[in-house]
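# An overview of the molecular structure
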Amino acid sequence: MRVTDTSDLWWKTAVFYNLDVETYLDWNDDGVGDLEGLVHRLDHLSELGVTCLWLAPFYPSPQQDNGYDISDYYGVDPRYGHLGDFVEVVRTAKDRGMRVIVDLVVNHTSDQHPWFQAARRDPESRFREYYQWRDDVPDDQPENMFPDVEDGVWSFDETAGQYYRHSFYSHQPDLATHRQEVRDEIAKVIGFWLQLGIDGFRVDAVPHLIDTEDGAEHEFLRALRGYVSRRSGSGMMLGEVNLPYDEMVAFFGEDDGDELTMQFDFVANQALYLSLARQDAAPLAAALADRPALARGNQWGNFVRNHDELTLDQLSESERDEVFEAFAPLESQRIHGRGIVRRLPPMLDGDPRRVRMVYSLMFSTPGAPVLFYGEEIGMGENPEVSGRGAVRTPMQWTDEPGGGFSRADADDLIAPVAGEGWAPEHVNVSRQRHEPDSMLRFVQGLVRHYRASPEIGWGDLTVLDTGHSCVLAHAVHGSTGTLVALHNFAPDGRSVDVDLGALDLDGSARVVDLLADLATPEELAADGHLRVELEGYGFRWLRVLRPGEKRLV
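Residues numbered from 1 in each chain as written. Predicted model: local features only at pLDDT ≥ 70, side-chain atom pairs only at ≥ 80, totals over all residues. Heavy atoms only, no water.

Helix and strand content of the protein: 16 helices and 22 strands. Computed over the C-alpha atoms, the radius of gyration of the protein is 24 Å, within 12% of the 24 Å expected from 2.2 N^0.38 for a compact globule of 553 residues. Reported as C-alpha extents along the three principal axes, the dimensions of the protein are approximately 80 × 55 × 50 Å. Sorting the 553 residues of the protein into buried and exposed places 60% on the buried side. Of the roughly 21,800 Å² of accessible surface on the protein, a fraction of 45% belongs to carbon and sulfur atoms. Taking the average place of the 50 positive charges on the side chains of the protein and the average place of its 95 negative ones, the gap between the two points comes to 6 Å. (Helix = DSSP H or I, 4+ residues; strand = E, 2+ residues; numbered from the N terminus. Rg over C-alpha atoms; globule rule 2.2 N^0.38 Å. Buried < 20%, exposed > 50% of the residue type's maximum accessible area, 1.4 Å probe, protein only. Areas by Shrake-Rupley, 256 points an atom, 1.4 Å probe, with all protein chains shown as cover. Lys, Arg positive; Asp, Glu negative; His and termini not counted. Charge placed at Lys NZ, Arg CZ, Asp CG, Glu CD.)

What follows is the structure in structure tokens.
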């Protein structure tokens, strides 16, 4: 693989950044973020090193589920602006070197969508077939995705005189995606947004989009990927598939890799929190060692936090209880019996060593990093906001009461800003831009080193033995170079001896610490071992340099 190949399959080494327009920047001071505000903060993202902006749903919506209850797939919610503003965001982002992807939420609509309204009023309407109806509730119905809120997946509609299916909230009826007419509508939606210049989609709740009990239904996902590729040669699909590794492979398209382009690595993400709770790297090391090999064009999305609850459903019940006990001891910090509604810094008691170790790990793990807005400055949640909204507070730009998000009165803000030790007066972009050792500067550095190390996105992963259960050591090896990363999950230091024999290095190779202030190459031990000192919660990125290798460090 040549470095020039990285611009072809661009997502292999992209830095993704997810934000919600309504909480990012309010330009007209009505208390709600808007697209014009976002445009004025694209330079912040460019300076950070973001290469792909992922926008959460901004479509017209009753806003009963943070915009994931869509009432019009072809528009912009008037609170945020209009299509002209959206096109300006895309154009300006591309001018700053960033691609743009948007959420594709097509396994359900809002019950206010014109399709559902027509379907419920008239059994002869063509839209009746767009949804799933029954005269009675089956005995073997599956559990709803929100079992603490919804009683099953079937609700009765008085106007229609039948039950309709909803895998999520009752105000989000499932589309009948097995029907060709619905698939044709979804294709039109995809084509519309690609025509406006976007570079792909984050596909919501993929297992609910297709019937995974029937292998033939993967043809639909394959057809969607093919359609995206035809309409946009560089288009991609990043899928939300929260399943075990052996089941995720099918959603990539097995060896052909012709379904989802990328998937979030939920398995490693949840193992990370178990390792943090235990101060033991073993759970994460085991998860990474179990990662299945991917086709050349596929990639993992690595993340610390996303816009939903921190879900723990890939852990056993006892493991989940361990994480709850460590990081969400209060019932108000948990949701749906499986997730945590907190951001990382408060979970780790604000310890900068642990927080930075985690982000170092995310950027050095093979795959592409996905940041959630505010992570670059170490934002916390607002525990006074119930549910998922606790982590969806306004972006904190300055130390002003509204965090520089808006000049509207506090009561008029779309959501309250974070409080207590995580308030804007303590955590904000403006201050951290001027602090050499700030979280923002640290993340900028990680992005820079990640982008200069294409082997992280393209290379092969090897989990290395360290002799210390608390230390995770892994190597990423490819034609563009070799990187060895070490991360200590324990509060006390460790002296680590790593055998690099599996990497087939010759005796004249050297290593250089990429994160050190002064990068001075050091000789490897004659026996091919690497001896490293790690502080408590310490981490190192070591570039392996072969004789004559032309790499900047």
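This part takes up the side chain of Gln-270. Note on placement: Gln-270 falls in helix α9 (residues 266-278). On the basis of relative accessibility, which here comes to 0%, the residue Gln-270 falls in the buried class. Those residues in contact with Gln-270 that sit more than four places away from it in its chain are Asn-242, Thr-311, Leu-312, Asp-313, Gln-314 and Leu-315. (Contact = heavy atoms within 4.5 Å.)

With burial as the criterion, only one face of strand β6 (residues 162-165) is covered, namely that bearing Gln-162 and Tyr-164; the residues Tyr-163 and Arg-165 on the opposite face remain uncovered. Across 2 bridges, strand β4 (residues 133-134) lies against β6 in antiparallel orientation. Across the sheet, Trp-133 pairs through a bridge with Tyr-164, a residue of β6. Linking two consecutive strands that pair antiparallel, namely strand β5 (residues 154-157) and β6, is a turn of 4 residues; a positive phi of about 75° is found at Gly-161 within it. (Pairing = 2+ DSSP bridges.)

This next bit is on helix α7 (residues 218-231). With 14 residues, α7 should reach 20 Å at 1.5 Å per residue; the first-to-last C-alpha distance of 20 Å fits that figure. Residues of α7 that are buried: His-218, Phe-220, Leu-221, Leu-224, Arg-225, Tyr-227 and Val-228. (Expected span 1.5 Å × (residues − 1).)

In space, the 3 strands of this open sheet follow the order β11-β13-β12, with antiparallel pairing throughout. The open sheet has two free edges, formed respectively by β11 (310-311) and β12 (334-335), since each of these has just one partner strand. With 2 bridges connecting them, β11 and strand β13 (residues 339-340) associate as antiparallel partners. Directly across from Leu-310, in β13, lies its bridge partner Ile-340.

Orientation of helix α5 (residues 180-195) relative to α7, taken along the N-to-C sense of each, is 30°, at an axis distance of 10 Å. In terms of orientation, α5 and α7 fall into the roughly parallel class. Where α5 crosses over α7, the two elements pack in a sense that is right-handed. Where α5 abuts α7, its residues Arg-183, Ile-186, Ala-187, Ile-190, Gly-191, Leu-194 and Gln-195 lie against Phe-220, Leu-224, Tyr-227, Val-228 and Arg-231. Tallied by class, the residues present in the contact of α5 with α7 amount to 8 nonpolar, 2 polar and 2 charged. (Axes fitted to C-alpha atoms, helices over the stretch in contact; angles between N-to-C directions. Parallel < 35°, antiparallel > 145°, perpendicular 65-115°, else oblique. Left-handed = near helix turned anticlockwise from the far one by under 90°. Nonpolar A, V, L, I, M, F, W, Y, C, P; charged D, E, K, R; others polar.)

With that settled, the discussion passes to the packing of aromatic side chains. The tally for this structure, following the rule as stated, stands at 31 aromatic pairs. Between Trp-10 and Trp-11, the ring centres sit 5.7 Å apart and the planes meet at 75°, which makes this aromatic pair edge-to-face. Take Trp-10: its relative accessible area is 6%, and that puts it in the buried class. Owing to a relative accessible area of 5%, Trp-11 belongs among the buried residues under this scheme. A connected cluster of aromatic rings, assembled from ring pairs, spans Phe-58, Tyr-59, Tyr-74, Phe-86, Phe-192 and Trp-193. A cation over a ring is seen here: Lys-12 above Trp-458, with NZ or CZ 5.0 Å from the ring centre. (Phe/Tyr/Trp six-rings, centres within 6.5 Å; stacked < 30°, edge-to-face > 60°. Lys NZ or Arg CZ within 6 Å of the ring centre and 35° of its normal.)

That's the geometry; what it means functionally is another story.
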